[in-house]
Amino acid sequence: MSSNRDIDNLIELMAKLPGLGPRSARRAVLHLIRKRALLLTPLADAMLRVAETARECLNCGNVGTSDICDICESEERATGELCVVEDVADLWAMERAGVFKGRYHVLGGTLSALDGVGPDELRIPRLKDRITAEGITEVILALNATVDGQTTAHYIADQLEAQVRLTSLAQGVPIGGELDYLDDGTITAALRARKEL
Ligand SMILES: [Zn+2]
């Protein structure tokens, strides 16, 4: 490839990143080497810091640098609204839209009989505990509009019925679509048009 073992190694690692193949990885590495002071060194430092400190929030499953994430720590986010998402990327997508002021609960996937994922593999038991512990009055199910996402939403709705007001994202999320790929406006519209289950 580059005829240098260290550089080849870096290219191979970069090529494993989502959205990057070998060709993009080679271009990225070349760019990093040319921008050593501006990009490569700060990037390496930032990666080391995150490698040392990144962890999952024990409460909601978000990724941060402390045992309890900033959103769970913030009293301002204790609005009584809890938004349930499949993945941290979905939480970040919601935060980018900037319209939701409550807290989140990251399931860490969806129920899937095919892949052997049951309720205990997801953070569903913890979700039930949080409703009483944090005085949650509304649970917003912001799961992907896929078959597994909707199956999971119905399962959670069954589990929580009568305990709390249940809503789900409506208008805006395309069938088969994933939250992380939506633009901010679509996410905002979908959140505003949430409906009772
Ligand atoms: Zn948290």
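If you're wondering where the values come from, they're calculated on a predicted model, not measured in any experiment. (Residues numbered from 1 in each chain as written. Predicted model: local features only at pLDDT ≥ 70, side-chain atom pairs only at ≥ 80, totals over all residues. Heavy atoms only, no water.)

## With respect to the overall build of the protein
In step 1: When you go through the protein residue by residue, the secondary structure sums to 8 helices and 7 strands.
In step 2: Within the protein, the proportion of its 197 residues that are buried is 37%.
In step 3: For the protein, contacts bridging at least 24 residues in sequence account for 55% of all contacts bridging at least 6.
In step 4: On the protein, roughly 11,600 Å² of surface is accessible, and the fraction owed to carbon and sulfur atoms is 53%.
In step 5: When the 22 positive and 30 negative side-chain charges of the protein are each reduced to one mean point, those points stand 8 Å apart. (Helix = DSSP H or I, 4+ residues; strand = E, 2+ residues; numbered from the N terminus. Buried < 20%, exposed > 50% of the residue type's maximum accessible area, 1.4 Å probe, protein only. Contact = heavy atoms within 4.5 Å. Areas by Shrake-Rupley, 256 points an atom, 1.4 Å probe, with all protein chains shown as cover. Lys, Arg positive; Asp, Glu negative; His and termini not counted. Charge placed at Lys NZ, Arg CZ, Asp CG, Glu CD.)

## Comments concerning the pairing of strand β6 (residues 165-168)
In step 1: Bridge count between strand β5 (residues 138-141) and β6: 4 bridges; the pairing is parallel. For Ile140, the partnering residue across the bridge sits in β6 and is Thr167.
In step 2: The β-α-β motif built from β5, the intervening helix α7 (residues 147-160) and the parallel element β6 has right-handed crossover chirality.
In step 3: Examined bridge by bridge, β6 and strand β7 (residues 195-196) share 2 bridges and lie antiparallel to one another. Its bridge partner being in β7, Thr167 is matched across the sheet by Glu196. (Pairing = 2+ DSSP bridges. Right-handed = clockwise from strand over helix to strand, strands pointing away.)

## Comments concerning the nonpolar core
In step 1: The biggest cluster of nonpolar side chains holds 25 residues, and the ones touching the most others in it are Cys83, Val85, Met94, Phe100, Tyr104 and Leu169.
In step 2: Going through the elements one at a time, α4 (70-73), β3 (81-85), α5 (88-97), β4 (103-106) and α8 (184-192) are the ones with two or more residues in this core.
In step 3: If you tally residues by element for this core, the top one is α5, at 5 residues.
In step 4: Not counting the four nearest positions on each side in its chain, Met94 is found in contact with Cys83, Val85, Val99, Phe100, Tyr104, Ile187 and Leu191.
In step 5: Of all hydrophobic cores here, the second largest spans 18 residues; its members include Leu111, Leu127, Val139 and Val164. (Core = buried A, V, L, I, M, F, W, Y, C linked by side-chain atoms within 4.5 Å.)

## Observations concerning the sheet that holds β5
In step 1: In space, the 5 strands of this open sheet follow the order β4-β3-β5-β6-β7, with mixed pairing throughout. At either margin of the open sheet sits one strand with a lone partner, and together these are β4 and β7.
In step 2: Contacts from helix α6 (residues 124-133) reach β3, β4 and β5, with the element oriented near 160° to β4. (Axes fitted to C-alpha atoms, helices over the stretch in contact; angles between N-to-C directions.)

## Section: the coordination of the zinc ion
In step 1: On the protein side, the zinc ion has Cys57 (SG), Cys60 (SG), Cys69 (SG) and Cys72 (SG) as donor atoms, found 2.3 Å from it.
In step 2: Each of the 4 donor atoms bound to the zinc ion contributes to angles spanning 106 to 114°, and the resulting shape is tetrahedral.
In step 3: Here the donor residues for the zinc ion map to a single chain with the spacing C-x2-C-x8-C-x2-C. Within this pair, whereas Cys60 is found in the loop between β1 (55-56) and β2 (63-64), its partner Cys72 is found in helix α4, the two being separated by 12 residues in sequence. Across this residue pair, the class does not change: Cys60 and Cys72 are buried. (Donors = N, O, S within 2.8 Å, 3.2 Å for Na, K, Ca; no water. Tetrahedral: all angles 85-135°; square planar, octahedral: opposite > 155°, others 65-115°.)

## Details of the UniProt feature "zinc finger region: C4-type" (unreviewed entry) in the protein
In step 1: Cross-referencing UniProt, the feature "zinc finger region: C4-type" (unreviewed entry) maps to residues 57-72 in the present numbering.
In step 2: Helix makes up 19% of residues 57-72 and strand makes up 12%, while its end C-alpha atoms are separated by 8 Å. (UniProt positions renumbered as here; feature names shortened; annotations may be inferred.)

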